[in-house]
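Each chain, letter by letter, is given below.
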Amino acid sequence: MRKRRTDVLTKIRTDMEGRFREATCLLVNVAVFDSTSNGDLRVPENLSPPELLREFRSLGAEIVFYGSDAGDFASTSGFGGLIEENGHRITDDRAYVLGRAGKKDCVLLGSELADIDFFLSGVFSVAASSAPLDLKRVSSYVSNFDGEAVFTELGNLIVNSKEGDWE
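So, here's what we can say about the structure. (Residues numbered from 1 in each chain as written. Predicted model: local features only at pLDDT ≥ 70, side-chain atom pairs only at ≥ 80, totals over all residues. Heavy atoms only, no water.)

## Some details on the pairing of strand S2 (residues 62-66)
If a strand is regular, its side chains alternate between the two faces of the sheet.
Working step 1: Among the five residues that make up S2, five are buried, leaving the element largely enclosed by the rest of the structure.
Working step 2: Residue alternation in S2 divides its side chains into two sets, Glu 62, Val 64 and Tyr 66 and Ile 63 and Phe 65, and both sets are buried. (Buried < 20%, exposed > 50% of the residue type's maximum accessible area, 1.4 Å probe, protein only. Helix = DSSP H or I, 4+ residues; strand = E, 2+ residues; numbered from the N terminus.)

Okay, here's the thing in structure tokens:
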């Protein structure tokens with residue numbers, strides 16, 4: 001019985017690594033950052049959010065920050081100026097996000113019920129730990145983190161898979 005569980009977990013991990021390696025776009029609902037960052041990833045090699053913005057650009061991947069408060073997020077987050085400087089996008093256009101979410105090369109990070117439409121579009125979706133239960137039920141992965149920590153966790157998983165450093 002233990003062997004079967006290990007096989008299933010190995011398959012899930014391999015599938016996640018493949019999706020992350022192929023990702024060219026990370027869609028992030030800015031509401032994720034409304035929650036206080038809970039937990040420390042305790043991995044000193046992890047890139048910080050500003051470093052992730054630069055690394056995604058160097059890997060040819062885009063980060064799209066979306067949501068009704070996207071404009072405020074850009075001006076109040078500690079790395080707002082780096083978003084556009086590194087070729088990433090900030091938008092409140094749901095149709096644009098839904099169009100991107102339907103593509104297999106996207107990974108989505110959300111935390112609100114309004115994200116359910118995006119999560120159901122077939123994209124690999126990640127819910128923050130504080131997300132509503134209904135969103136968690138339709139997500140591909142539920143993080144143990146909130147706020148900046150969940151963004152850092154997901155961003156580093158994607159970067160590490162692209163660089164072949166998946167552990």
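Don't stop here, the text continues.
## Quick notes on the environment of Pro 132
Working step 1: Inspection of the secondary structure puts Pro 132 in the loop between strand S5 (124-127) and helix H7 (133-138).
Working step 2: Relative accessible area serves as the criterion here: at 28%, Pro 132 is assigned to the partly exposed category.
Working step 3: Here the alpha-carbon distance between Pro 132 and Glu 112, two residues 20 residues apart in the chain, equals 6.7 Å.
Working step 4: Contacts of Pro 132, omitting those with residues within four sequence positions, involve Ser 111, Glu 112 and Leu 113. (Contact = heavy atoms within 4.5 Å.)

## Some points on the packing of aromatic side chains
Working step 1: Following the criterion strictly, the structure yields seven aromatic pairs and no others.
Working step 2: A ring pair is formed by Phe 33 and Phe 73, whose centres lie 4.8 Å apart and whose planes are at 35°; its orientation type is tilted. With a gap of 40 residues between them, Phe 33 in the loop between strand S1 (25-29) and helix H2 (49-58) and Phe 73 in helix H3 (residues 70-76) connect regions that are remote in the sequence. Each of the two residues, Phe 33 as well as Phe 73, counts as buried. (Phe/Tyr/Trp six-rings, centres within 6.5 Å; stacked < 30°, edge-to-face > 60°.)

## As for the pattern of salt bridges
Working step 1: Within the structure shown, the criterion is met by four salt bridges.
Working step 2: One salt bridge in this structure joins Glu 17 and Arg 21, with 3.2 Å as the shortest N-O distance. One end of the pair is Glu 17 and the other is Arg 21, both in helix H1 (residues 2-22) and four residues apart, which spans about a single turn.
Working step 3: Since its relative accessible area comes to 42%, Arg 21 is described here as partly exposed. (Salt bridge = Lys/Arg side-chain N within 4 Å of Asp/Glu carboxyl O.)

## Looking at the side chain of Asp 115
Working step 1: Its place among the elements puts Asp 115 in the loop between strand S4 (106-110) and helix H6 (116-119).
Working step 2: Buried charged residue Asp 115 carries no salt bridge. Nearest counter-charge: Arg 94, at 5.3 Å.
Working step 3: The residues contacting Asp 115, other than those within four sequence positions of it, are Asn 29, Tyr 66, Gly 110 and Leu 135. (Lys, Arg positive; Asp, Glu negative; His and termini not counted.)

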